[in-house]
Amino acid sequence: MPRGAVFPHGGNAGQGFGHGGRHGRRGDGAVRSAQLDEFRANKSRRWELRDIFGYIVEFSGDQHGSRFIQQRLESATSEEMEIVFDEIVPQYAVQLMQDVFGNYVVQKMFEYGTAAQKARLVSTMEGQILGLSLQMYGCRVVQKAIEYVSPEQQVMFVQELSPSVLRCVKDANGNHVIQKIIEHVVPDRLGFVSAFRGSVYELSTHPYGCRVLQRCFEYLPEDQTRPLLDELHKYVSNLMIDQFGNYVIQFVLENGKPQDRAMIIAKLTGQMNNMAKHKFASNVCEKALVTADPDSRRMLIDEIMTPKQDGLSPIMGLMKDSFGNYVLQRALTVAEGEQKEQLISKVRPHLVNMRRYSSAYSKHLSASKSTVIHRCPGR
């Protein structure tokens, strides 16, 4: 039986997959056909697709057979392709989509099949898009289908997933499908984006939700992203210190509109020294230093040079900190003119002291900091 024993939701071990001449057994106990046994054993023979007609489903569920079919589909004749489709569609299509090896064959079918053949394949998925999207291998097939089917067929995928879009976004497999839809489906058909409103903080702090939000900001027009961005700005300070939210803030700093970047930098102003020492927010500080307009950048660098109320310079604290030292290095690389000279002059005396305590501080701090400062002009 061709991997029937491991097909989810169907594939009874004794039904529908059999061929004559069985005689081998796989490691998991499933019986292999003599044809597949010979294929695996006879490496010297030049096999063609026509040699395995009648066994396409079984070969698709075998590691070596699947790879063989994938390679042959790339150059298959129209007649060969039709036979492959006839053997798989509709009876075994969904089962193979969820199979560890079979899913790759179905992906190739979407890549190289004709419009009519792909339409047949899509029809087998109707009513099952959600289940496939949440399944480890099925989600890969859904993603490939979204890339290769017609815009009209894409609508069917969107319609089936829309009622459960937040569930998909938070799923380890489903989030990739939603990202692919955002990338490939025309925005005016993505009404489900409105479901993200009111959940921006929750999504930004979610390991998968943060990815989906970034794709929204990357691919969708202003009328769809503005409500999400306006909501995001309410939580910028909290998102900076979040292990996932910081990536969303970094993305907006790098790719967002000037007004959105300015609003984030405004929230960062006055908190640079604290944020620079935070594991996650330090990444935001670095990104802000790189992406800020010249005036804002000077202001942020001035902040990390300005003595505290007790008269102590924050420079030493940043140099000693495992995260702050990276922010300081970034400031050294982006500072310009007189401000750069001023920053170097403040760092240099502390560097001498740092070398005395090299055993107490991490090696990367004393090594990489010295290197950056040595390379700065005016040394």
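Rules used throughout
- Residues numbered from 1 in each chain as written.
- Predicted model: local features only at pLDDT ≥ 70, side-chain atom pairs only at ≥ 80, totals over all residues.
- Heavy atoms only, no water.
- Helix = DSSP H or I, 4+ residues; strand = E, 2+ residues; numbered from the N terminus.
- Buried < 20%, exposed > 50% of the residue type's maximum accessible area, 1.4 Å probe, protein only.
- Contact = heavy atoms within 4.5 Å.
- Areas by Shrake-Rupley, 256 points an atom, 1.4 Å probe, with all protein chains shown as cover.
- Axes fitted to C-alpha atoms, helices over the stretch in contact; angles between N-to-C directions.
- Parallel < 35°, antiparallel > 145°, perpendicular 65-115°, else oblique.
- Left-handed = near helix turned anticlockwise from the far one by under 90°.
- Nonpolar A, V, L, I, M, F, W, Y, C, P; charged D, E, K, R; others polar.
- Salt bridge = Lys/Arg side-chain N within 4 Å of Asp/Glu carboxyl O.
- Phe/Tyr/Trp six-rings, centres within 6.5 Å; stacked < 30°, edge-to-face > 60°.
- Lys NZ or Arg CZ within 6 Å of the ring centre and 35° of its normal.
- Expected span 1.5 Å × (residues − 1).
- Polar contact = N/O pair within 3.5 Å; in protein donor to acceptor, adjacent residues only side chain to side chain.

K.L.:
What am I meant to see in the overall build of the chain here?
P.N.:
Counting its regular elements, the chain contains 25 helices and two strands. The buried share among the 379 residues of the chain stands at 51%. For the chain, restricting intrachain contacts to residue pairs at least 6 apart in sequence, the fraction spanning at least 24 positions comes to 68%. Carbon and sulfur atoms form 49% of the exposed surface of the chain, whose accessible area is close to 17,200 Å².

K.L.:
Please clarify how the packing of helix α17 (residues 245-255) against helix α18 (residues 258-268) should be interpreted in this entry.
P.N.:
Relative orientation and spacing of two packed helices are given, respectively, by the angle between their axes and the distance between those axes. Relative orientation of the contacting elements α17 and α18 amounts to 130°, with a least axis distance of 8 Å. As far as their axial angle goes, α18 and α17 are oblique. Helix-helix and strand crossings are classified by hand; for α17 and α18 the assignment is left-handed. Seen from α17, the contacting residues are I249, V252, L253 and E254; seen from α18, they are D260, R261, I264 and I265. Residues belonging to the contact of α17 with α18 are distributed by class as follows: five nonpolar, no polar and three charged.

K.L.:
Is there a simple way to explain the packing of helix α6 (residues 102-112) against helix α9 (residues 138-148) in this structure?
P.N.:
The N-to-C vectors of α6 and α9 enclose an angle of 5°; their axes lie 9 Å apart at closest approach. On the basis of the axis angle, α6 is roughly parallel to α9. In contact with N103, Y104, V106, Q107, F110 and E111 of α6, α9 contributes R140, V141, K144, A145 and Y148. In terms of residue class, the contact of α6 with α9 is made up of six nonpolar, two polar and three charged.

K.L.:
What should I look at first to understand the pattern of salt bridges in this one?
P.N.:
Oppositely charged side chains can pair when the atoms bearing their charge come close. Applying the stated rule across the entire model yields 19 salt bridges. A salt bridge links E48 to R46, with the shortest nitrogen-to-oxygen separation between them at 3.0 Å. Residue E48 is classed as buried on the basis of its relative accessible area, which comes to 18%. Exposure remark for R46: the relative accessible area of 64% places this residue in the exposed category. Bridged by salt links that share partners, the residues E222, R226, D230 and D260 form one connected network.

K.L.:
Help me out: how do you make sense of unusual backbone geometry in this one?
P.N.:
Most peptide bonds adopt trans geometry, and most residues besides glycine take a negative phi value. Look at the link from V89 to P90: it is a cis peptide, with omega at 0°. Its place among the elements puts P90 in the loop between α4 (78-88) and α5 (93-97).

K.L.:
Would you mind showing me how to read the packing of aromatic side chains here?
P.N.:
Remark: the centre distance and the inter-plane angle together describe each pair of aromatic rings, the angle taken between the planes. For the structure on display, the rule yields five aromatic pairs. Ring plane angle 80° and centroid distance 5.3 Å describe the contact between F39 and W47, whose orientation is recorded as edge-to-face. Across the pair, W47 and F39 agree in class, each one buried. An angle of 55° between the planes, with centres 6.2 Å apart, marks the rings of F192 and F196 as tilted. Judged by its relative accessible area of 5%, F192 is buried. With relative accessibility at 1%, the residue F196 sits in the buried group. What links up through ring pairs into an aromatic cluster is the set F39, W47, F59 and F68. Here the basic side chain of R45 rests over the ring of W47, its NZ or CZ set 3.9 Å away from the ring centre.

K.L.:
Whenever I open this one, helix α10 (residues 151-161) confuses me. Can you help?
P.N.:
For α10, the full list of buried residues reads Q153, Q154, M156, F157, V158 and L161. If you follow the buried residues of α10, they end up packed against α7 (115-125), α8 (129-133), α9, α11 (165-169) and α12 (174-184).

K.L.:
What is the right way to read the side chain of S60 from this model?
P.N.:
Inspection of the secondary structure assignment puts S60 in helix α2 (residues 56-60). Setting aside chain neighbours within four positions, we find S60 in contact with S66, I69, I88, L96, D99, F101, G102 and V105.

K.L.:
What am I meant to see in the environment of K277 here?
P.N.:
Along the chain, K277 falls in the loop between α19 (272-276) and α20 (281-291). Residues K277 and K320, spaced 43 residues apart in sequence, show a C-alpha to C-alpha distance of 9.7 Å. The contact partners of K277, leaving out residues within four places of it in the chain, are G317, L318, D321, F323 and G324.

K.L.:
Explanation requested: helix α21 (residues 294-305) in the structure shown.
P.N.:
Owing to its 3.6 residues per turn, the α-helix aligns residues three or four sequence positions apart on the same side. In this model, α21 (12 residues) spans 17 Å end to end at C-alpha, consistent with the 16 Å of a helix rising 1.5 Å per residue. Three or more residues of α21 are buried, namely S296, R297, L300, I301, E303, I304 and M305. The N-cap of α21, judged by a side-chain oxygen 3.1 Å from the amide nitrogen of D295 a few residues on, is D293.

K.L.:
Is there a simple way to think about the environment of E254 in this case?
P.N.:
Here E254 is to be found in helix α17. Judged by its relative accessible area of 45%, E254 falls in the partly exposed class. Put simply, E254 and K287 are 33 residues apart on the chain and 7.3 Å apart in space, counted from C-alpha to C-alpha. Discounting residues that sit within four places of it in the chain, E254 has contacts with R261, K287 and T291.

K.L.:
Teacher, can you tell me more about the environment of D230 here?
P.N.:
By secondary structure assignment, the location of D230 is in helix α15 (residues 222-232). Residue class for D230 comes out partly exposed when judged on its relative accessible area of 39%. The spatial distance from the C-alpha of D230 to the C-alpha of D260 is 8.9 Å, given a sequence separation of 30 residues.

Bear in mind that shape data such as this cannot, by itself, settle questions of function.
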